[in-house]
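For reference, the chains in residue letters:
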Amino acid sequence: MTLATATPKRPRPAKRRTSAGDKERRLLDHGAWFLVLPALIPILVLSVGPLLYGIALAFTDAQSGRTEPTQWIGTLNFQDLLHDTLFWDSFRIGLLWAVGVTVPQFLLALGLALLLNQRLRLRWLARALAIIPWAMPEVVVGIMWRLVYNPDAGILNETLRDLGLGDGRDWLSGLATALPAVIVVGVWAGMPQTTVALLAGLQNTPRELHEAAAMDGAGAWRRFRTVTWPAIRPVALAISALNLIWNFNSFALVYVLTNGGPGGRTRLPMLFAYEEAFRYGQFGYAAAMGCVMVAVISVVLALHLVGRLRRGGDA
Amino acid sequence: MRTGRAARTGQYVALLAYLVFLAFPFLWLLSTAFKPARELGSLHPTWIPEDPTLANFRQAFDEQPLLDAALNSLVAALGAAVVAVLIATPMAYVMARHRTTLSRMATGWVVVSQAFPFVLVIIPLFLVLKNLRLINSVPGLVMVYVVWALPFALWMLVGYVRAVPAELEEAAAVDGAGKLRTLVSVTAPLLAPGIVATALFAFITAWNEFFFALVLLKSPEKQTLPVVLTHFIGAEGVADLGPLAAAAFLATLPSLVVFAVIQKRITGGMLAGAVKS
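Residues numbered from 1 in each chain as written. Chains lettered and ligands numbered in written order. Predicted model: local features only at pLDDT ≥ 70, side-chain atom pairs only at ≥ 80, totals over all residues. Heavy atoms only, no water.

## A short note on the overall build of chain B
So, step 1. Check the secondary structure of chain B and you find twelve helices and zero strands.
So, step 2. Reading chain B from its N terminus to its C terminus gives the helix and strand order α-α-α-α-α-α-α-α-α-α-α-α.
So, step 3. Taken over the C-alpha trace, chain B has a radius of gyration of 23 Å; the compact-globule value for 277 residues is 19 Å, which it surpasses by more than 25%.
So, step 4. The C-alpha extent of chain B, read off along each of the three principal axes, is 75 × 70 × 35 Å.
So, step 5. Of all 277 residues assigned to chain B, the portion counted as buried reaches 57%.
So, step 6. When contacts within chain B are restricted to residue pairs at least 6 apart in sequence, those whose partners lie at least 24 apart make up 72%. (Helix = DSSP H or I, 4+ residues; strand = E, 2+ residues; numbered from the N terminus. Rg over C-alpha atoms; globule rule 2.2 N^0.38 Å. Buried < 20%, exposed > 50% of the residue type's maximum accessible area, 1.4 Å probe, protein only. Contact = heavy atoms within 4.5 Å.)

## Examining the overall build of chain A
So, step 1. Per the secondary structure count, chain A includes twelve helices and zero strands.
So, step 2. The order of α-helices and β-strands along chain A, N terminus first, is α-α-α-α-α-α-α-α-α-α-α-α.
So, step 3. Residue burial in chain A is summarised as follows: out of 315 residues, 51% are buried.
So, step 4. When contacts within chain A are restricted to residue pairs at least 6 apart in sequence, those whose partners lie at least 24 apart make up 68%.

## Points about the packing of aromatic side chains
So, step 1. With the rule as written, the count across this model stands at 36 aromatic pairs over all chains.
So, step 2. Both rings, one in phenylalanine 224 of chain A and one in tryptophan 229 of chain A, keep their centres 6.4 Å apart while their planes meet at 35°; by these two values the pair is tilted.
So, step 3. Assessed through its relative accessible area of 28%, tryptophan 229 of chain A is described here as partly exposed.
So, step 4. The interplanar angle of 85° and the centroid separation of 5.3 Å between the aromatic rings of tryptophan 28 of chain B and tryptophan 47 of chain B together place this pair among those described as edge-to-face. (Phe/Tyr/Trp six-rings, centres within 6.5 Å; stacked < 30°, edge-to-face > 60°.)

## Some details on the packing of helix α4 (residues 66–97) of chain B against helix α7 (residues 138–163) of chain B
Residue and element names in this part refer to chain B.
So, step 1. It is at 6 Å that the axes of α4 and α7 come closest, and there the two elements cross at 40°. Judged by the inter-axis angle, α4 sits oblique to α7. Of the two elements, α4 crosses α7, and the hand of that crossing is right-handed. (Axes fitted to C-alpha atoms, helices over the stretch in contact; angles between N-to-C directions. Parallel < 35°, antiparallel > 145°, perpendicular 65-115°, else oblique. Left-handed = near helix turned anticlockwise from the far one by under 90°.)

## Considerations on the pattern of salt bridges
So, step 1. On inspection of all chains with the given rule, the structure shows five salt bridges over all chains.
So, step 2. Aspartate 61 of chain A is the salt-bridge partner of arginine 66 of chain A, the closest N and O atoms lying 3.3 Å from each other. (Salt bridge = Lys/Arg side-chain N within 4 Å of Asp/Glu carboxyl O.)

## Looking at the interface of chain A and chain B
So, step 1. Contacts between the two partners involve 106 residues from chain A and, on the opposite side, 94 residues from chain B.
So, step 2. Surface buried jointly by chain A and chain B totals about 9,500 Å² across both partners, of which 78% is contributed by carbon and sulfur atoms.
So, step 3. Joining chain A to chain B, the criterion identifies zero salt bridges.
So, step 4. Across the chain A-chain B interface, the total number found is twelve residue pairs in polar contact (both at pLDDT 80 or more).
So, step 5. Sorting elements by how many residues they give to the side of chain A that touches chain B places helix α1 (residues 19–57) of chain A first, with 21 residues.
So, step 6. Tallied by class, the residues present in the side of chain A that touches chain B amount to 78 nonpolar, 13 polar and 15 charged. (Buried area = accessible area lost by both parts, 1.4 Å probe. Polar contact = N/O pair within 3.5 Å; in protein donor to acceptor, adjacent residues only side chain to side chain. Nonpolar A, V, L, I, M, F, W, Y, C, P; charged D, E, K, R; others polar.)

## Topic: a nonpolar patch on the surface
So, step 1. On the surface, a cluster of nonpolar side chains totalling about 600 Å² of accessible area is made up of Leu71, Leu74, Val75, Leu78, Val82, Val83 and Leu86 of chain B.
So, step 2. By secondary structure assignment, the location of leucine 71 of chain B is in helix α4. (Patch = residues over 30% accessible without salt bridge, like charges linked within 9 Å, V, L, I, M, F, W, Y side chains within 5 Å. Areas by Shrake-Rupley, 256 points an atom, 1.4 Å probe, with all protein chains shown as cover.)

## Re unusual backbone geometry
So, step 1. In this model, glycine 261 of chain A is joined to proline 262 of chain A through a cis peptide bond whose omega is -10°.
So, step 2. Within the secondary structure, proline 262 of chain A is located in the loop between α10 (252–257) and α11 (269–279).
So, step 3. One non-glycine residue, asparagine 259 of chain A, lies in the positive phi region at around 50°.
So, step 4. Mapped onto the elements of the fold, asparagine 259 of chain A is located in the loop between α10 and α11.
So, step 5. You will see that arginine 133 of chain B, though not glycine, has its phi angle at about 55°, which is positive.
So, step 6. As for its placement among the helices and strands, arginine 133 of chain B is situated in the loop between α6 (118–131) and α7.

## Digging into helix α1 (residues 5–33) of chain B
So, step 1. An ideal rise of 1.5 Å per residue puts 42 Å on 29 residues; α1 of chain B measures up with 41 Å between its terminal C-alpha atoms.
So, step 2. Taken as a whole, α1 of chain B carries its principal kink of about 40° at alanine 23 of chain B; the proline proline 25 of chain B stands between one and four residues after it. (Expected span 1.5 Å × (residues − 1). Bend = angle between axes of the 7 residues up to and from the residue.)

## Thoughts on the environment of alanine 213 of chain A
Residue and element names in this part refer to chain A.
So, step 1. The residue alanine 213 is located in helix α8 (residues 207–215) in this model.
So, step 2. Judged by relative accessible area, which is 13%, alanine 213 ranks as buried.
So, step 3. As a C-alpha pair, alanine 213 and asparagine 259 span 46 residues in sequence and 51 Å in three-dimensional space.
So, step 4. If we skip the residues at most four places from it in the chain, alanine 213 touches Ala218, Arg223 and Val227.

## Examining the confidence of the model for chain A
So, step 1. Per-residue pLDDT for chain A has a mean of 84; in total, 89% of the residues score no lower than 70.
So, step 2. Note on residues 1–28 of chain A: pLDDT is under 50 here. Beyond four places in sequence and across chains, it has 53 contacts. (pLDDT = per-residue confidence, 0-100.)

## What to know about the side chain of threonine 258 of chain A
So, step 1. Within the secondary structure, threonine 258 of chain A sits in the loop between α10 and α11.
So, step 2. Discounting residues that sit within four places of it in the chain, threonine 258 of chain A has contacts with Leu172, Val182 and Thr266 of chain A.

## Some remarks on the packing of α8 of chain A against helix α9 (residues 220–248) of chain A
When two helices pack together, their arrangement is given by the angle between the helix axes and the distance between those axes.
All names here are of chain A.
So, step 1. With their axes 10 Å apart at the nearest point, α8 and α9 run at an angle of 150° to one another. Classed by the angle they form, the pair α8 and α9 counts as roughly antiparallel. Judged by the twist between their axes, the crossing of α8 over α9 is right-handed. On α9, the residues touching Leu209, His210, Ala213 and Ala214 of α8 are Arg223, Val227 and Thr228.
So, step 2. Along the lines of polarity and charge, the residues of the contact of α8 with α9 split into four nonpolar, two polar and one charged.

## Overview of helix α4 (residues 123–135) of chain A
So, step 1. For α4 of chain A, which comprises 13 residues, the first-to-last C-alpha distance of 19 Å matches the rise-based estimate of 18 Å (1.5 Å per residue) to within 8%.
So, step 2. For α4 of chain A, the set of buried residues is Ala126, Leu129, Ala130, Ile131, Ile132, Pro133, Trp134 and Ala135 of chain A.

In structure tokens form, the structure reads like this:
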């Protein structure tokens, strides 16, 4: 998974070229195709192709298991989508979920990264534990939290009872609690990656800057604002933009936790589109949903790029 | 830098809170997996099973075809990892060493492919694979996984290639080694650890993948582990908690082991390109 959106500019080394070197260079330029094709063909056939095909499908009435031929219907799917309140509900939930996961996740991960950047005991344990959510299949993460949230046999309610905080409830089935409950799981599941990315950014911060700032009498907050934050800002922006997009597109976690319930309160756009396509066979309509999702994601990407430009290109 | 005693204490309290947050769901999964049915039915669940048992594991294997599923997952993940690395390494080499339009476009694709909702790709893929009679087949799934694993494989490998100084290759060329010879005897050995790390990462992501497997594999004997795990959760959401926990724990073990081994390399490889930009 990538973390940033630009390739670093590498200065071309100035070098003298012998005629033999020139020949080698050209040979490789021809040979480069031979090196690139094994990956390029599958990319074109199984990724770029289906993507364009998918966009085209959005303008057809394609359905699974139908005998009549598929027909072009122009923007009819999109017009229907416009009036599909269920879709817009899921869309709103998707945005709520994406922001609801990304923001706390970022803040928690930043805190943890700052801690892990200090010389603390137990630091190794935190690093080791952080592997668990990262390496786990999303399905297992979902199952695990179902066990935690289980109304009778779950540890959450038992702990709340022990603390005298009420009699517990069925978190994943409550209309009001379901979305917050799955958001907590989303935060937990994605925290390690965000932490590691931020930690790497922190470790690139020159320690001397910190010390100089401390010497000048800058407090912790001031040091963070003037030294730490500018150094990790590029990574922070990149990882947040990607997290927003990944979360908006997520599927497995919520599929396992609630399958979109109760009453559609956690039905993310991907779950909705999956149902349309593979339960009701509405391929064209589901493809149109995909297109709308792409449009929204493009906005996030565009905002991110604007952020980069404002920062003044490469840092 | 000196940190005050109060600040230190605060830091440790915070760190402890993080540790609890990170660990407790997993510890609960473990605890549930080893509890006998009687304890699972208790109204006051305990952290540590009073009477630990392996019965849940046996029952999990009885209830669902876990072995077949694990085998399917293994084939899909191994296939995806090997093929992805085989075809990505040469391309990553070209992308890292030559600034051509092609490598710029490939980089753009790597970025954009991270952002696309899979549903837009899966419907056409479903139709194409259906026409090729590759629905409900593990090889069909491998094809999808290869392309799905390519973006980050390329990304990681480009970082690893950049870490091999081009000067080494030039020196070999000066010494009279041909391009191929240079690649095989100078570059490849230096790249090997990065290639292995990339392959293992591709393995884990394919092992854990759910959405494509759910859509493409219909018959129970073809399904991969994550899909079979969801069968433990009944239609009404009611689940046999013990076997569910046992199976979930088993499904995680391979990823945890592999990840623990390569974690440093992965973060290194992922961030090599990203952080510098």
